[in-house]
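# Understanding the architecture of this molecule
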Amino acid sequence: MKKCFELFSVMAMDGNRSKRIGNTDILSIFFQILVRPSVQVQARIQALKYLQDIITVNTDNIIFVQYVGGVDDLFEILKNTGELMYPPNYDEDGLQVVFAMNDVLDYIAAYYLNHNDEIQRSYLNLLETDSKQISDTVKFVALHS
């Protein structure tokens, strides 16, 4: 699986020496993996790690993440996350994905904050959502950020 994500990363950069995304279709695959809950937890976490790596090697790649709707996808996943922290719904694997996703969003926000406060606004919007529509898990993650 790791080799597959390494290949996707190389393909996304399309041979660009500056490590800038050159193939947004391949970048979109990372988000397609994330939005499908049927995909194994480890594959989703691996996709998040490689997204963070893609941003680390060239922070301009945040623009491409935005372009393919990646940040919106991550927030949509968070918004639709059910209660994972308390019995009987406790789900350690699900929590790993949510926390890894939050780490990537925080990472993007740290680089992006000088140009745009959209991520912080999205977290605030999550918190302003009717409390019956949002789980304590998501509230915890949003407040943590």
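As a reminder, the structure under discussion sits directly above these lines.
First things first, this report covers the structure right here in the doc. (Residues numbered from 1 in each chain as written. Predicted model: local features only at pLDDT ≥ 70, side-chain atom pairs only at ≥ 80, totals over all residues. Heavy atoms only, no water.)

In this section: helix α7 (residues 118–128). All of the buried residues in α7 are I119, S122, Y123 and L126. For α7, the arc enclosing every buried residue in end-on projection is 100°, short of the 170-degree limit, so these residues lie on one face. Exposed and facing more than 90 degrees away from the buried side of α7 are R121 and E128. Turning to α7, the residues buried within the fold contact α5 (70–79), α6 (92–112) and α8 (136–144). (Buried < 20%, exposed > 50% of the residue type's maximum accessible area, 1.4 Å probe, protein only. Helix = DSSP H or I, 4+ residues; strand = E, 2+ residues; numbered from the N terminus. Arc of directions from axis to C-beta. Contact = heavy atoms within 4.5 Å.)

In this section: the packing of helix α3 (residues 41–57) against α6. Between two packed helices, what matters for the description is the angle formed by their axes and the separation of those axes. Orientation of α3 relative to α6, taken along the N-to-C sense of each, is 10°, at an axis distance of 9 Å. By the criterion of interaxial angle, the relationship of α3 to α6 is roughly parallel. Residues V41, Q42, R44, I45, L48, Q52, I55 and T56 of α3 form the contact with α6, whose participating residues are D93, Q96, V97, A100, M101, V104, Y107, I108 and Y111. Residues belonging to the contact of α3 with α6 are distributed by class as follows: eleven nonpolar, four polar and two charged. (Axes fitted to C-alpha atoms, helices over the stretch in contact; angles between N-to-C directions. Parallel < 35°, antiparallel > 145°, perpendicular 65-115°, else oblique. Nonpolar A, V, L, I, M, F, W, Y, C, P; charged D, E, K, R; others polar.)

Our next topic: unusual backbone geometry. Even without being glycine, D14 reaches a positive phi, approximately 55°. Mapped onto the fold, D14 is located in the loop between α1 (2–13) and α2 (24–35). D14 gets classed as exposed once you look at its relative accessible area, which sits at 51%. At K19, a residue that is not glycine, the phi angle is positive and equals roughly 65°. The topology assignment puts K19 in the loop between α1 and α2.

Fair warning: the whole summary comes from geometry, so function is off the table for now.
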